[in-house]
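Commentary on secondary and tertiary structure
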Amino acid sequence: MPTPARSALALAALLASAGAAHFIAPKQFDATVPRTLPGSPRTWTTASGVVELALAAGLAFPPTRRTSARASAVFFAAVFPANVKMAYDWRDRPMPAKALATARLPLQIPLILWARHASRPGSGSGSAIR
């Protein structure tokens, strides 16, 4: 399996785990939803969980892998404001929690790059070797 394909499947596993977590423990995600967004935080938590599960499915299926990988990169950029809000809200928590929240901010960059790598030729979507 080409490296971009393995990368896409690993990213699919990460997104599937994160998507499932939105339904297993939604309160922790509700707290990170910026209050400037319309509607209830739970609606946004549910929607982002559904998006993560859909992206994971798209990454796992070769014909949709490239498009899903590109959409994943956009998604990772779109959820950045929630990570900023979490870091701000947790600024007065004990050091381990504060460090975790702060560490999430630069983590978005490698996630975006990972998704871009998974979108490269050889990841699926018409790139079968013959």
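About the criteria used
Residues numbered from 1 in each chain as written. Predicted model: local features only at pLDDT ≥ 70, side-chain atom pairs only at ≥ 80, totals over all residues. Heavy atoms only, no water. Core = buried A, V, L, I, M, F, W, Y, C linked by side-chain atoms within 4.5 Å. Buried < 20%, exposed > 50% of the residue type's maximum accessible area, 1.4 Å probe, protein only. Helix = DSSP H or I, 4+ residues; strand = E, 2+ residues; numbered from the N terminus. Contact = heavy atoms within 4.5 Å. Polar contact = N/O pair within 3.5 Å; in protein donor to acceptor, adjacent residues only side chain to side chain. Expected span 1.5 Å × (residues − 1). Arc of directions from axis to C-beta. 1 Å grid on protein atoms, 1.4 Å probe; cavity = no way out; pocket = protein on both sides within 12 Å on 5 of 7 lines; lining within 4 Å. Points joined across faces, edges and corners; volume = space filled by probe spheres on them.

Let's shift gears to the nonpolar core. Of all hydrophobic cores here, the largest spans 14 residues; its most connected members are Leu 11, Leu 15, Leu 59, Phe 76 and Ala 115. Mapped by element, the contributors of at least two residues to this core are helix 1 (3-24), helix 3 (41-60), helix 4 (62-78) and helix 6 (95-118). Contact partners of Phe 76, with chain neighbours within four places excluded, come to Leu 11, Leu 15, Gln 108, Leu 111, Ile 112 and Ala 115.

Time to look at the environment of Arg 65. Mapped onto the elements of the fold, Arg 65 is located in helix 4. On the basis of relative accessible area, Arg 65 is assigned to the buried category, the value being 5%. In sequence terms Arg 65 and Ala 5 are 60 residues apart; their C-alpha atoms lie 8.5 Å from each other. Among the polar contacts listed, one links the side chain of Arg 65 to the backbone oxygen of Leu 59, at a separation of 2.6 Å. A polar atom in the side chain of Arg 65 sits 3.2 Å from the backbone oxygen of Ala 60.

So, about the environment of Phe 29. Structurally, Phe 29 is set in helix 2 (residues 26-30). Remark: the alpha-carbon pair of Phe 29 and Leu 11, spanning 18 residues in sequence, is separated by 20 Å. In contact with Phe 29, other than residues within four places in its own chain, are Ala 18, Ala 21, His 22 and Thr 45.

Taking 1.5 Å per residue as the helical rise, helix 1 with its 22 residues ought to reach 32 Å, and the 31 Å between its terminal C-alpha atoms agrees with that figure. Along helix 1, the positions that sit buried rather than exposed are Pro 4, Ala 5, Ser 7, Ala 8, Leu 11, Ala 12, Leu 15, Gly 19 and His 22. One side of helix 1 carries all its buried residues, which in axial view fall inside an arc of 145°. Exposed side of helix 1, more than 90 degrees from the buried face: Ser 17 and Ile 24 are the residues found there. On the buried face of helix 1, the contacting elements are helix 2, helix 3, helix 4 and helix 6.

Within this model, the largest pocket holds a volume of roughly 790 Å³. What lines the largest pocket is a set of 30 residues, and nearest its centre among them are His 22, Glu 52, Val 79, Asn 83 and Arg 104. Those elements giving two or more residues to the lining of the largest pocket turn out to be helix 1, helix 2, helix 3, helix 4, helix 5 (80-89) and helix 6.

Before going further, it helps to spend a moment on helix 3. In this model helix 3 runs 29 Å from its N-terminal to its C-terminal C-alpha over 20 residues, within 8% of the 28 Å that 1.5 Å per residue would give. Thr 45, Ser 48, Gly 49, Glu 52, Leu 55, Ala 56, Gly 58 and Leu 59 are the residues of helix 3 that are buried. Tucked into the core, helix 3 has its buried residues touching helix 1, helix 2 and helix 4.

None of the figures reported here should be taken as evidence of function without further support.
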